[in-house]
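Single-letter residue listing:
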Amino acid sequence: MAANPSIQLGTDGNWAIKEDNLLAYKKDGTRFFNKEFDFSRGSSATYVAKDGLIKVSGVTDTDLVTNGDFATDSGWATTSSWSIANGKASYNGASNGALIQQYSILTNGKKYKASFNVLDNSGRFRMTVDGGTAAYQTYTTGNGYYTFEFTSTSTHFRIGGSMTDNADTFSIDNVSVVEIQTDVPRIDFTDDSTGHLLLEPQSTNVLEDSEITSTWTYIEFGSGSSGTITTGKTDMFGGTNAIQVDFPADAENVTLRFGQLTSSISSGSASGSVYIKLVESGSKTLQLRCSPGLRTLVNVDATNFVRYQLSGTKTNNEAFTLKLRPSEGTSGGGFSIIVCQPQEEALSYPTSYIPTYGSTATRNADVCNNSGSAQDFNSEEGVLYAEIAALADDLTFRSIAISDGTLDNRVLIRYRTTSNKINIFIEGSNVVAVNSIRGLTDITNYSKFALKYKSGDTALWVDGVEIFTDTATFTISGLDILSFDGGNGSDDFYGKTKNLKVFKRAMSDEELQQLTT
């Protein structure tokens, strides 16, 4: 294939993230020039890393805590209820809410992740960032490694004992606090060895305690035997916010509710998801349920975590639950599972995991646009290439475009508001010249699209096959932006992108076939 000056993104799994921007690059012969997309989200977000664990994007490397391993009795302000010795800080329960803290290490309004080990725990502990009138606090039981996200309303980082029970005692070590930069794109490796740029719409996890397993409850129905619970199991973050559920041999109608008796989603679209793995070998069947009309059976047969999910329309505000109901075709008891990171959201499909710590949490929409400049594009001819997959067949416009920043001049590829359809659209001087819709088997599977645009010679190639040609004439001017939207900030592309390129000349059929195969 002949050399083509182009803007490219994510070739063969190679990705670059610089500060808060995603790098594309311009190739001119053998030279490459960085081209940045403007990226913003304004909230933290998670992704699945190469190792299969969930991680939070934008986590900085700088630990803000001094002496987090308590190697010495220094760096911390303590009360008489706290002591530092033998590589840990210990709370004796003598004073309600007594704090151990470090002053002036946070910035008011910024997002942080705090992590620490809890040892020797006889009751429960509280983590706060705002003293006795904490804007953020949580109670948690059990020993283990805990991680919390919070937005600071103070400059101080504090860990406190129980506010209600003087008898509670515990120790902590390996305390760490790092900043989370929210406007950072995500390269996700869910079922993908090379990674893809993940762009998602806004969503809220309405489960208030997805990371606080001590509030998850078992409720017995009928005459069945209830399950038992063991906290502190390794979760999808590599921490210990998972639980093990042991179902006795005679178990029937056992329900695990993830922290709430009712849901704030009473009707309309809803999705529930949770990570589960079977402790034993073999396969067992469980039921996920959000309402009487929204439930599904899942076969749990992996010794590694799998994310199980259901989506549909809710008819009441029943909370998201996991059920063992042999009377409805699910497995009988006598086995164990490990469960972590549940989520319920008011969307027709599940999105990436949103941790919650005592209240609902929202991940804002990803915005990625404005790469390139006028000299990087050819308004008279070229090729827009994208290897993409939709998050779901959700019947919305999701566009990738080269444009002048308006709807007057643009070349775009988009998923449509009709099921499993791809749409190519060419508009010049506010005149629509090409508007073609073609069907696909499943838009949630990756396809390679190449849209050749040239007045009198337009073509669309998909996965090595030319599926559309057009001889319409048009005049386009001022193309200067590559963006994940319809050209003017609307119809944002929410999906998975493995590769995105813009070539400055119309390519031959042979080249287009090679490009999309």
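For clarity, every value in this text was computed on a predicted model and none was experimentally measured. (Residues numbered from 1 in each chain as written. Predicted model: local features only at pLDDT ≥ 70, side-chain atom pairs only at ≥ 80, totals over all residues. Heavy atoms only, no water.)

**Quick look at the overall build of the protein chain**
Rules: Helix numbering and strand numbering both begin at the N terminus, where a helix is a DSSP run of H or I of at least 4 residues and a strand a DSSP run of E of at least 2. Put simply, the radius of gyration uses C-alpha atoms, and a globule should come to 2.2 Å times the residue count raised to 0.38. A contact between two residues is defined here by any heavy atoms of the two lying within 4.5 Å.
When helices and strands are counted, the protein chain shows 1 helix and 40 strands. The C-alpha radius of gyration of the protein chain comes to 26 Å, within 12% of the 24 Å expected for a compact globule of 517 residues. Principal-axis analysis of the C-alpha atoms places the extent of the protein chain at approximately 80 × 60 × 35 Å. Restricting the contact set of the protein chain to residue pairs at least 6 apart, pairs at least 24 apart contribute 71%.

**Let's talk about the pairing of strand β17 (residues 196-199)**
Two faces make up the sheet, and in a regular strand the side chains alternate between them. Put simply, the rule reads: Paired strands, as defined in this entry, are two strands with at least two bridges between them according to DSSP.
For strand β16 (residues 186-188) and β17, the ladder comprises 3 bridges, and the chain directions are antiparallel. Looking at β17, one finds that Ile-187 is bridged to Leu-197. As paired elements, β17 and strand β40 (residues 495-503) share 3 bridges and run antiparallel to each other. Opposite Leu-198, over in β40, you have Lys-496 as the bridge partner.

**Focus on the side chain of Glu-387**
Put simply, the rule is: Each residue is placed in one exposure class: buried if its accessible area under a 1.4 Å probe, protein chains only, is under 20% of its type's maximum, exposed if it is over 50%, and partly exposed if it falls in between. A positive count includes Lys and Arg, and a negative count includes Asp and Glu. His and the chain ends are not counted in either. We define a salt bridge as a side-chain nitrogen of Lys or Arg found within 4 Å of a carboxyl oxygen belonging to Asp or Glu.
With respect to the helices, strands and loops of the structure, Glu-387 is situated in strand β31 (residues 381-390). Within the buried core, Glu-387 has no salt-bridge partner, and the shortest N-O distance to an opposite charge, that of Lys-448, equals 4.7 Å. Excluding anything up to four places from it in sequence, Glu-387 contacts Tyr-446, Ser-447, Lys-448, Lys-496, Thr-497, Lys-498 and Asn-499.

**Concerning the sheet that holds strand β26 (residues 306-314)**
Where we set the bar: Angles run from 0 to 180 degrees between N-to-C directions of axes, and those axes are lines fitted to C-alpha atoms, restricted for helices to the stretch in contact.
Pairing is antiparallel in the open sheet, where 5 strands are placed in the order β20-β21-β28-β23-β26. Two strands in the sheet have a free side with no partner beyond their single neighbour: β20 (228-233) and β26. Strand-to-strand twist of the sheet, defined as the mean angle between neighbouring strand axes without regard to direction, takes the value 30°. As judged from the 4 bridges shared by β20 and strand β21 (residues 242-247), these two strands associate in the antiparallel manner. Within β21, the position partnered with Thr-230 by the bridge is Gln-244.

**Quick notes on the pattern of salt bridges**
Pairs may arise between side chains of opposite charge once their charged atoms sit close together. For the structure shown, the criterion picks out 17 salt bridges. In this structure, the salt-bridge partner of Glu-328 is Arg-295, at a minimum N-O distance of 3.6 Å. On the criterion of sequence distance, the pair formed by Glu-328 in the loop between β27 (321-324) and β28 (335-345) and Arg-295 in strand β25 (residues 294-300) is long-range, its members being 33 residues apart. Assessed through its relative accessible area of 31%, Glu-328 is described here as partly exposed. Residue Arg-295 is classed as partly exposed on the basis of its relative accessible area of 40%. The partner of Arg-325 in a salt bridge is Glu-328, with the nearest N and O atoms 3.4 Å apart. Beyond isolated ion pairs, a larger network of salt bridges with shared partners links Arg-41, Arg-186, Glu-200, Arg-363 and Asp-366.

**Section: the sheet that holds strand β11 (residues 124-128)**
With antiparallel pairing, 4 strands are arranged side by side in an open sheet as β9-β14-β11-β12. Both outer strands of the open sheet, β9 (99-102) and β12 (137-141), are each paired with one neighbouring strand and no more. Going across the sheet, the axis of each strand differs from the next one's by a mean of 20°, ignoring polarity. Where β9 and strand β14 (residues 157-160) come together, 4 bridges link them in antiparallel fashion. Among the inter-strand pairings, Ile-100 is bridged to a residue of β14, identified as Ile-159.

**Considerations on the pairing of strand β15 (residues 170-179)**
Of all 10 residues in β15, 7 are buried; the element is thus mostly enclosed. Sheet topology note: the strand β8 (residues 88-91)/β15 ladder contains 3 bridges and is antiparallel. Counterpart to Ser-90 in the pairing with β15 is Ser-171. By the bridge criterion, 7 bridges tie strand β10 (residues 111-119) to β15 in an arrangement that is antiparallel. Within β15, the residue paired with Lys-113 across the bridge is Val-178.

**Here we look at the nonpolar core**
Cut-off, in case you're wondering: Nonpolar core, defined: a set of buried Ala, Val, Leu, Ile, Met, Phe, Trp, Tyr and Cys residues in which side-chain atoms within 4.5 Å join the residues together.
Ile-400, Ile-402, Tyr-415, Phe-449, Leu-482, Phe-484 and Leu-500 are the most contacted members of the largest nonpolar core, which has 38 residues in total. Examining the composition of this core, we find that 4 residues originate from one element, β31, more than from any other. Among the nonpolar cores identified, the runner-up in size contains 30 residues, and Leu-207, Phe-258, Cys-290 and Val-339 belong to it.

**What about the packing of aromatic side chains?**
Operational definition: Aromatic rings from Phe, Tyr and Trp, with only the six-membered ring used for Trp, were paired whenever their centres fell within 6.5 Å, and each pair was classed as stacked if the ring planes differed by under 30 degrees, edge-to-face if by over 60, and tilted otherwise. Two conditions define a charge located above a ring, namely a distance within 6 Å from the ring centre to NZ of Lys or CZ of Arg, and an angle within 35 degrees of the ring normal.
Throughout the structure, instances matching the rule amount to 16 aromatic pairs. A centroid spacing of 5.5 Å and a plane angle of 50° characterise the contact between Phe-37 and Phe-484, whose relative ring orientation is tilted. Highlighted residues: Phe-37 in strand β4 (residues 31-40) and Phe-484 in the loop between β39 (481-483) and β40, separated in sequence by 447 residues. Of the two residues examined, Phe-37 and Phe-484, each falls in the buried class. Members of the aromatic cluster, connected to one another through ring pairs, are Phe-37, Tyr-415, Phe-484 and Phe-493. Positioned above the aromatic ring of Phe-425, the side-chain terminus of Arg-414 is 5.1 Å from the ring centre. The aromatic ring of Tyr-446 is capped on one face by Lys-498, whose charged end is 5.4 Å from the ring centroid.

**Some words on helix α1 (residues 509-516)**
Put simply, the rule reads: Working definition: the arc comes from the directions between the helix axis and the C-beta atoms, pointing outward to the latter.
Burial in α1 covers these residues: Glu-511, Leu-512, Leu-515 and Thr-516. Seen end-on, α1 carries its buried residues on one side only, within an arc spanning 120°. In this structure, the buried side of α1 is in contact with β31, β36 (447-454), β37 (458-462) and β40.

**Here we look at the environment of Arg-126**
Along the polypeptide, Arg-126 turns up in strand β11. A relative accessible area of 1% places Arg-126 in the buried class. Separated by 337 residues in the primary sequence, Arg-126 and Asp-463 have C-alpha atoms spaced 54 Å apart.

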